[in-house]
Structure formats: structure tokens, C-alpha cells
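Per-entry structural report
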Amino acid sequence: MKRSRDSNAPGHPLPSDVAAMSVAARVEALRDLMREHSITAYIVPSDDAHMSEYVAACDRRRAFISGFNGSAGTALITLENAYLWTDGRYTVQATAQLDPNVYQLMRMYEQTPIEQWIPENLPVDANVVLDGLTVSVATVKRLQSSIANASPPSRIVVKPLPQDVPNLIDQIWASAKPSKPASTIFVHPVKYAGVSAEQKIRLVRDRMRDKACTILMVCALDEVAWLLNLRGADVDYNPVFWAYVIVTLQDVTLYVNSTRFQKDVQQYLKEAHVKVAPYDSLLSDLAARQWTDDDCVWLDPSTCNYAILNCIEHCQTNIQTVRKRSPISLSKARKNDVELDGMRKSHVRDGAALVKFLTWLEHQVVHLHNTPTECEAADQLEKLRSVQDNFVSLSFQTISGYGANGAVVHYQPERNSAAKITTESVYLVDSGAQYLDGTTDVTRTVHLGEPTAWQKECFTRVLQGHIAIDSALFPEGTTGLQVDAFARRALWNAGLDYSHGTGHGVGSFMNVHEGPHVISFKAPANVTPLEAGFITSNEPGYYEEGQFGIRIESLCIIKEASVTGPPTGKSKRFFEMEHITLCPIQRKMIDVSLLSAEEMKWVDEYHKECCEKLAPFLKDDEVLRGRRMVLGLIPGCSRSDVIAIAEDALCERT
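Computed from a predicted structure; not experimentally measured.

1. With respect to the UniProt feature "domain: Peptidase M24" (unreviewed entry) in the chain
Taken from the UniProt record, the annotation "domain: Peptidase M24" (unreviewed entry) applies to residues 342–560. Split by type, residues 342–560 is 32% helix and 26% strand. Its first and last C-alpha atoms lie 19 Å apart.

Right, here's the structure in full:
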């Protein structure tokens, strides 16, 4: 049942430098393989074997075959045409990166989705194939269901590659494919995790008993890391490692390459009663397992790859399965008190680094008349973060976008083409870090010259949406779909909008994008109600293609609110936001005339908090520069209470 991911197909000579092949040549090589295997259409998702949003270099097959390197998208290649579906975050980027002579861009939520497009456009007897290791159970079932319900009826078949056929993209990529990750795996101590692995395993088993399940498949990398309090670095910026876990009511088995363990991990797992097996032996172990009629397997259809389900169903006829969200998902999202304390503390240190960076940038551009590039600015920010206590790495590649580049939502500057930052336009920086005690993600937008009235209006309306989310009070059971509109109202009033979601979950020294909750206009945001202990981003924005981009992002803890309620005293629980990101919002970008008195009060109180909490983390000369910067960013910055706080902080340091 083991299938190599690195095999090359015989009889298909390729250039010695595969990396130099054009996208068109790669697609033609794929079509040769498709003809050999009688494939009408081949689907290439973004995912790895664990359905990760961000994947290791060796799993970036969709980027290799399409040239589009955004984190979300699905390619479908037929013998005549090629298509790529992606969402509004990436349409500008995809338009720039895709070869229009090879690929047609399909805009998700605007054009026909892939599961509907297939039965409407392919021959009725088409053979649609994908690699079962790189696509989720949910995706395959959605494709199959859409075809089964097509009108007129279709005989199209969607199926995985045979077990003995390597991934077709890997056959083309061949020796040019990056190596498998081999980062060191280490223990994440309870002083940061808050709860031991043994306690988490007991909790999971209780959930399994509630569902009458005997086996739980843990496939998502962040769920593996969270469950066992282990961390690694197999995926850039994400402290996870390639592994699966099988939990039964008696045993726990970790499937991983154990040669990468830090010296204390083997003993740690032994004490936690966790067995270790080779990563590549999962399917063969499932095939060899002595299945019984009493077995019931819990698998999360959104994170379990189809090859696992296919293997189990071939081994045991009529196997009982529970195909529900993993019991780990919500437990991981509900941060415990230790994790919440670490998130607060890490954000103060992170905020100090960001204030230093923005002060440095202003000094370079405005006072020294230098023009650092987008990459040089990102490098400086990373340098300032790297000296903070408990720093491990960035939490994602810094989005450093000047002028028109800021309108590309997930823009990544290249050193040979990065724009220079001047006083002429808007600069957007979206960045974050991984600390042992927390994960950060923050966006600030500034203008180092004089913003236009239109830029100020757009910025202020984004700020009003940010304030609306930060100030929101909502009852238990409210979903992110309902909250999302709060952030858009001020923009909608001017006929403006943005195409991405407003908020995503964030892990604790874990992935910067974490489910299951999300604040968005898209349907999945209506599935999971927001709960106390969740971390969410608050990031409305506005983008004018070819001109500028604006986004204001802070992270918030959702917590229980104190409300009066009805006279009977029988009230629902209500929740509110506690922002933990601390970084000033630029005064000159705000059109104060658009703000209400309550919004002005919010801005003043937020900057007062920034002064109180950040000043003690700055050196004397940086406090002086940071004080001028912070006060200069506050509307009505002459307020005596704010000035007194900054001066008191300075006196304490001198």
C-alpha cells in the first residue's frame, strides 16, 4: 500500500534542467502522461497529504504546473485546455503569474465552481483523475456528488491514481523536485502549552466514546502537534512536522520519521504512552490491521486524504465511519489561560518591534531621504523581531507592498524587482512572528508623505470597520458570517468593499491561519459559532488595483462580556473582543470628520494603551523617537493624559 512520491516515469525524456521548462512545456509533458493512462482531465490541488494551507516546497505541485504560487487554488488540465480556480485574495496575483496562452483564470465565488464545471463542460464519459494522497475526502465526495446529480445525467468518473502510479506532477518534476523536509522535532513544554499531552489524549478519548468510535485518524499537522505538544519546522513559518496519529481507546501511535527527534523526544513519548512508527508505513499498517465489525473510525473529511479512506474501505467491507470535524479542532481553538497569557505577552514584545520598525522607516524615508526597497524594509522588520525574547521565526512571509503592490492582497516582493518606498504613495506591511509563547499577525498601512483626500477617506472607512469589529458585542451562537457585515458597513456606505474575509483564527505557537472559526461573507463562516477563548484576526481592507492597498489588522481574544440583560436575569451569554495587538494607527491617514465621537474615543484609548504597554520595552533613544511617532499618530495628540503616560515611561527609563 506504500506509494513512492519521488518516482520518475520511464520512456518520457525530459530536459536535464526541469526547472527551466516553461509552464507550457510542463503542461504538455503532463498531457503525454495523461494520454498514457487514458485520463481526460487531471486535477492538481494546492494541498499536501495533510490538507495543509501552506505546504513544504516538495508539495507545491500546483505552483510547479501552473506558475501561480499563491497558497490557494486548484488547477484542472485537460488534453486541450487548462484552468485555475482561486479566490479574490489572489486574482490580481494569478492574473500576473498565469500564462494566458496556457491557463484560463476561474474566479471562485464569481464563476462556475470546479465541481459544477466538470459535468457541464467535459465529455459525458470523461475519466477525471487526481492523486488520492493530495485531496481530501470531502473534496472527492463533493466532486462525485455534483456529477451524480448533474442534469442531464453524466457518466463522468472521478477517481484516484492507481496505487502503483506515482503522482503525475512528480514524474515531470523528477530530480528537480525539492527534498522532503527534515526539521528537528522538539517538545513544546507545558509552561507554554498549558495542558499536558496525556490530558489532551484523555479529552480526545472522551469525545470518541461520545461518538461510539474506536479509532480516530489525526491527519492535520497542527492537530498532531497540538495533541502531543510537539513542534517542528517542516513547513515554512509553521511550527509543524510531517506526521499522522492514530488514537484508539487503548493506544496512541505517531507515524513520523523518528530520526529527526531532539534527544529528549523519544523518552517524552514513552512516558506519554505514545508508540512511534515510520511515516510511510501508515497505509500498509491500515491494510494489515485486524479489523472487526465493532470498529468505528472517526475521520475529519476536510483534513483526511482520500487515500486513507480508500485504503480502509478496501480492507474492511462496510466499515463504520464517523465523518465529522475532528474533536481536536475546537479544543485547539479554545485557548487555555496559559496560552492566552502567552499570546498577550508575545504581542507586547511584537508591538515594540513594529513601533521600532515604523520609526526606522519614517526616519530613513522622511529625514534621511533614503528609499529602502520593500525587501529591505521586510528584512529590517525581521531583524527587529528576531531579538525579542522567545522569537522562533516569522509566522508567514512578510507582505511588504508599496503603492500599487499593496493592492495585491498577498503580495510577495522579489529582490530583483522590489519597489522603492518613498513619500509618494501608501505603504502596507502585513507581518507576524512565531514566539514560544504565541503567534502574531498584524497589518498597518502608512503614508510617509501626504495622502490624498481619497486615500484618507478609504483608510478611515477601513478603520471604522476595524473599530466596529473590535467594539462588537454579540450573543452566544453568533457566527463569523453575521459579524462580518459589521466591518463592511462604512465601506458599503461609500459603495466600496473588499473581496477577502475579515478574520481568521490564529494558533498559539502554531499556524497563523487556524480553524474552525472564520469571520467572512462566505458560507463556511456560518458553520462555527464564535466562542470565548478563540483568537481571531480583525482585518478589513480596501484595494484599488494599480493604485494602492489599505488594510488594518489586529488580533483579538473573544471573551465573555458583562451585560445587564433583562430584568428577569435570564440572559444569553454575550461575547466581546479584547484586542491584543499593540501598534499605532497613523494619524495623517485618518479623516477625522468621518469619525463619530465614539470612534474618536476608541482611537484615543487604543493609543493610550499602546503608550502604556509599549514604552517600557523601548530603549531610551527609541522611546524618544517612538513617543514622537506614537503621539503623532493620535488624532488630537495634544491630550495631556497621553503625553503624561509617555513622559512617565521615559522618566522611568532614565
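2. Some remarks on the packing of aromatic side chains
Considering all chains together, one arrives at 14 aromatic pairs under this definition. Taking the centre distance of 5.7 Å and the plane angle of 25° together, the rings of Trp 242 and Tyr 279 count as stacked. Here the residue Trp 242 occupies a position in the loop between strand 9 (230–231) and strand 10 (244–248), and Tyr 279 occupies one in the loop between strand 12 (275–277) and helix 11 (282–288), the gap between them amounting to 37 residues. Note on Trp 242: relative accessible area 6%, which makes it buried. Overall, the relative accessible area of 13% leaves Tyr 279 in the buried class. Plain terms: the ring middles of Trp 454 and Tyr 542 are 6.5 Å apart, the flat faces sit at 90° to each other, and that makes the pair edge-to-face. Here Trp 454, found in helix 16 (residues 453–470), pairs with Tyr 542, found in strand 25 (residues 541–544); they are 88 residues apart in sequence, far enough to count as distant.

3. Regarding the sheet that holds strand 3 (residues 82–86)
Across a sheet, paired strands are connected by hydrogen bonds in the backbone, their directions being either parallel or antiparallel. Spatial ordering of the open sheet is given by 4-3-2-1-5-6, a layout of six strands whose pairing is mixed. Edge positions in the sheet fall to strand 4 (103–107) and strand 6 (157–160), since each of these pairs with one other strand and no more. Each neighbouring strand pair of the sheet contributes to a mean axis angle of 20°, computed without reference to strand direction. Pairing of strand 1 (residues 41–44) with strand 2 (residues 74–78) involves four bridges; the strand directions are antiparallel. Following the sheet pairing, Ala 41 is matched in strand 2 by Thr 78. Along the sheet, helix 1 (residues 23–36) makes contact with strand 1, strand 2, strand 3 and strand 4, crossing strand 2 at roughly 60°. Sitting on the sheet, helix 4 (residues 114–121) touches strand 1, strand 2, strand 3, strand 4 and strand 5 (127–130), and the angle it makes with strand 2 is about 10°.

4. Some remarks on the domain arrangement of the chain
Under the domain assignment, the chain is made up of domain 1 (16–176), domain 2 (186–333) and domain 3 (337–643). Summarising the inter-unit geometry, the C-alpha centres of domain 1 and domain 2 are found 28 Å apart. Each side of the interface is counted separately: domain 1 has 21 residues, and domain 2 has 23 residues. Regarding the contact of domain 1 and domain 2, the summed buried area is about 1600 Å², with carbon and sulfur atoms giving 61% of it. Remark: the boundary between domain 1 and domain 2 carries one salt bridge. No other element matches the five residues that helix 5 (residues 137–148) contributes to the side of domain 1 that touches domain 2.

5. Remarks on the UniProt feature "domain: Creatinase N-terminal" (unreviewed entry) in the chain
Within this numbering scheme, the UniProt entry marks residues 26–150 as carrying the feature "domain: Creatinase N-terminal" (unreviewed entry). From the first C-alpha to the last, residues 26–150 spans 32 Å; its make-up is 35% helix and 18% strand.

6. Some words on the packing of helix 8 (residues 197–210) against helix 9 (residues 221–228)
Contact geometry for helix 8 and helix 9: axes closest at 7 Å, N-to-C directions at 120°. Residues Ala 197, Lys 200, Ile 201 and Val 204 of helix 8 touch helix 9, and the partners they reach there are Trp 226, Leu 227 and Leu 228. For the contact of helix 8 with helix 9, the class distribution of residues is six nonpolar, no polar and one charged.

7. Describing the packing of helix 14 (residues 337–367) against helix 15 (residues 374–386)
Two elements in contact, helix 14 and helix 15, have axes whose closest approach is 9 Å; the angle formed by their N-to-C orientations is 145°. Viewed along their axes, helix 14 and helix 15 form a crossing whose handedness is right-handed. On helix 15, the residues touching Asp 350, Ala 353, Leu 354, Lys 356, Phe 357 and Trp 360 of helix 14 are Glu 376, Ala 377, Gln 380, Leu 381, Leu 384 and Arg 385. Residue composition of the contact of helix 14 with helix 15, by class: seven nonpolar, one polar and four charged.

8. A few points about the pattern of salt bridges
Per the stated rule, a full pass over the model turns up 31 salt bridges. One salt bridge connects Asp 170 with Arg 61, and the closest N-O pair in it is separated by 2.8 Å. Linking Asp 170 in helix 6 (residues 168–173) with Arg 61 in helix 2 (residues 61–66), this pair joins segments that are 109 residues apart in sequence. Judged by its relative accessible area of 4%, Arg 61 falls in the buried class. A salt bridge links Lys 177 to Asp 170; its shortest N-O distance comes to 3.1 Å. Per residue, the accessibility class of Lys 177 equals that of Asp 170, and both read buried. Members of the salt-bridge network, linked through shared partners, are Asp 59, Arg 61, Asp 170 and Lys 177.

So, how was this worked out
- Residues numbered from 1 in each chain as written.
- Predicted model: local features only at pLDDT ≥ 70, side-chain atom pairs only at ≥ 80, totals over all residues.
- Heavy atoms only, no water.
- UniProt positions renumbered as here; feature names shortened; annotations may be inferred.
- Helix = DSSP H or I, 4+ residues; strand = E, 2+ residues; numbered from the N terminus.
- Phe/Tyr/Trp six-rings, centres within 6.5 Å; stacked < 30°, edge-to-face > 60°.
- Buried < 20%, exposed > 50% of the residue type's maximum accessible area, 1.4 Å probe, protein only.
- Pairing = 2+ DSSP bridges.
- Axes fitted to C-alpha atoms, helices over the stretch in contact; angles between N-to-C directions.
- Contact = heavy atoms within 4.5 Å.
- Domains from an automatic or database assignment.
- Buried area = accessible area lost by both parts, 1.4 Å probe.
- Salt bridge = Lys/Arg side-chain N within 4 Å of Asp/Glu carboxyl O.
- Nonpolar A, V, L, I, M, F, W, Y, C, P; charged D, E, K, R; others polar.
- Left-handed = near helix turned anticlockwise from the far one by under 90°.

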